[in-house]
Amino acid sequence: MRIDILTVLPELLEGPFSHSILKRARERNLLEVHVHQLRAYTPYKHGQVDDTQFGGGAGMVMMVEPIALAIESLQQQVSYDEIIYLTPDGERLNQQIANQLSLKNNLLLLCGHYKGVDERIRQHFITREISIGDYVLSGGELAAAVLTDAIGRLIPGVLNNETSALTDSFQDNLLAPPVYTRPAEYRGWKVPEVLLCGDPKKIDEWRHEQSVLRTQERRPDLPEA
Ligand code: 6GU
C-alpha cells in the first residue's frame, strides 16, 4: 500500500512512521508513506496557501488552487483509490473504517488547517472525510498519523502471529481481555488461575467472558457483537 500525505507541516509527520510496527512494514515494502509540502505547489508568492474568507469572519481558509494543483500533480504518478480529507466534521474513525481502508492500494490524505479548505476542494476532489474524534486539533496532521497507523498495521503481512489484529480491542466490537505475564505472583498479586491451567479451550472461554464483561462495563454504547 502507498499513502501520500499533503500538508503544510511535513515536519510533524517525520517521526510517527519510523518506529516499531510501521517501520517494519516500510522495511518489508508493505507500506510506503510519502509526505508532501503543499506550499511547493502554490502558484502564489512566498508559498502562500491560505487567505481570508469571503463573507468575512475570523480565520484563514486554505485556497483551492494550491490544493487542486498538488492533487493533480500527484495523480499524474499515482491512481488513488480514495482522496481523504481529515476534518473534525468528517465521519468518525472506527475499526471498521480502518479495516476497509487497509484493503486499498493507494490513499491520498489531505490535512486541513485554520478554518479548513475551500469547499470546492471537498466537492471536486475529496472522496471521503474522516475525523478521529469529537474534539478539535490544530491541524489534520496528527489525525493523518493516527489514521495511517490504524490502517498500516492491518495491511496483510505487517503483523505476525504474536501481534495479530484478530485479538485487538474493537475487532467484533469487543474490548480486549486483561493480559498478564511473568511473574505469576508479585507482592501477593496473583495472575488468574485459569491462565496457568494449560487448557486452551478453558482459557479462550475465560478471555471471551472477560471481553464481554469489560465491554458491558466500559463501552455499553458499542453495538452488540
Ligand atoms: Cl481530522 N482534524 C482536526 N483539525 N481536528 C480533529 C480531527 C481532524 N479529528 C478530530 N479532531
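Residues numbered from 1 in each chain as written. Predicted model: local features only at pLDDT ≥ 70, side-chain atom pairs only at ≥ 80, totals over all residues. Heavy atoms only, no water.

Leu-86, Thr-87, Pro-88, Ile-130, Ser-131, Ile-132, Gly-133, Tyr-135, Val-136, Leu-137, Gly-139 and Ala-143 make up every residue found near the ligand. Within the backbone of Tyr-135, an N or O atom sits 2.5 Å from a nitrogen atom of the ligand. A distance of 3.0 Å is found between a nitrogen atom of the ligand and a backbone nitrogen or oxygen belonging to Leu-137. In isolation the ligand exposes 290 Å². Once the protein is present, 96% of that is buried. For the shell around the ligand, the secondary-structure elements that each account for two or more residues are β5 (82-92) and β7 (128-131). By residue number, the principal contributor to the shell around the ligand is β5, which donates 3 residues. In terms of residue class, the shell around the ligand is built from 8 nonpolar, 4 polar and no charged. (Near = heavy atom within 4 Å. Polar contact = N/O pair within 3.5 Å; in protein donor to acceptor, adjacent residues only side chain to side chain. Areas by Shrake-Rupley, 256 points an atom, 1.4 Å probe, with all protein chains shown as cover. Helix = DSSP H or I, 4+ residues; strand = E, 2+ residues; numbered from the N terminus. Nonpolar A, V, L, I, M, F, W, Y, C, P; charged D, E, K, R; others polar.)

Take the UniProt feature "binding site: S-adenosyl-L-methionine" (unreviewed entry) in the protein next. Using the residue numbers shown here, the UniProt feature "binding site: S-adenosyl-L-methionine" (unreviewed entry) corresponds to Gly-112, Ile-132, Gly-133, Asp-134, Tyr-135, Val-136 and Leu-137. The topology assignment puts Gly-133 in the loop between β7 and α5 (141-152). Here Leu-137 shows up in the loop between β7 and α5. With residues up to four places along the chain from it excluded, the contact list for Leu-137 reads Ile-132, Leu-142 and Ala-143. (UniProt positions renumbered as here; feature names shortened; annotations may be inferred. Contact = heavy atoms within 4.5 Å.)

This paragraph deals with the nonpolar core. With 29 residues, the main nonpolar core has Ile-5, Leu-31, Leu-101, Leu-107, Leu-109, Ile-130 and Leu-147 as its most contacted residues. Secondary-structure elements contributing two or more residues to this core are β1 (2-7), α1 (20-27), β5, α3 (95-101), β6 (106-111) and α5. With 5 residues, α5 is the largest single contributor of residues to this core. The contacts of Leu-101, once residues within four sequence positions are left out, are Met-1, Glu-82, Ile-84, Leu-107, Arg-128, Ile-130, Leu-147 and Ile-151. Counting residues in hydrophobic clusters, the runner-up holds 20 residues, among them Met-62, Leu-74, Leu-110 and Phe-125. (Core = buried A, V, L, I, M, F, W, Y, C linked by side-chain atoms within 4.5 Å. Buried < 20%, exposed > 50% of the residue type's maximum accessible area, 1.4 Å probe, protein only.)

Before going further, it helps to examine the pattern of salt bridges. Opposite charge on two side chains lets them pair, provided their charged atoms get close. Taken as a whole and judged by the stated rule, the model has 11 salt bridges. With a closest N to O distance of 3.8 Å, Glu-82 and Lys-104 form a salt bridge. In this pair, Glu-82 sits in strand β5 while Lys-104 sits in the loop between α3 and β6, placing the two residues 22 residues apart along the sequence. Looking at Glu-82, the relative accessible area reads 11%, which means it is buried. Among the residues examined, Lys-104 registers a relative accessible area of 28% and is labelled partly exposed. Each of Asp-89, Glu-119, Arg-122 and Glu-129 takes part in one network of salt bridges that share partners. (Salt bridge = Lys/Arg side-chain N within 4 Å of Asp/Glu carboxyl O.)

We now examine the domain arrangement of the protein. Taken domain by domain, the protein consists of domain 1 (2-152) and domain 2 (169-218). Computed over C-alpha atoms, the centres of domain 1 and domain 2 are 38 Å apart. (Domains from an automatic or database assignment.)

Before going further, it helps to examine the environment of His-34. Secondary-structure assignment places His-34 in strand β2 (residues 32-37). For His-34, a relative accessible area of 27% gives the class partly exposed. Along the sequence, His-34 and Gly-188 sit 154 residues apart, while their C-alpha atoms lie 50 Å from each other. In this view, His-34 contacts Arg-2, Ile-3, Asp-4 and Ile-5; residues no more than four positions away in its chain are not counted.

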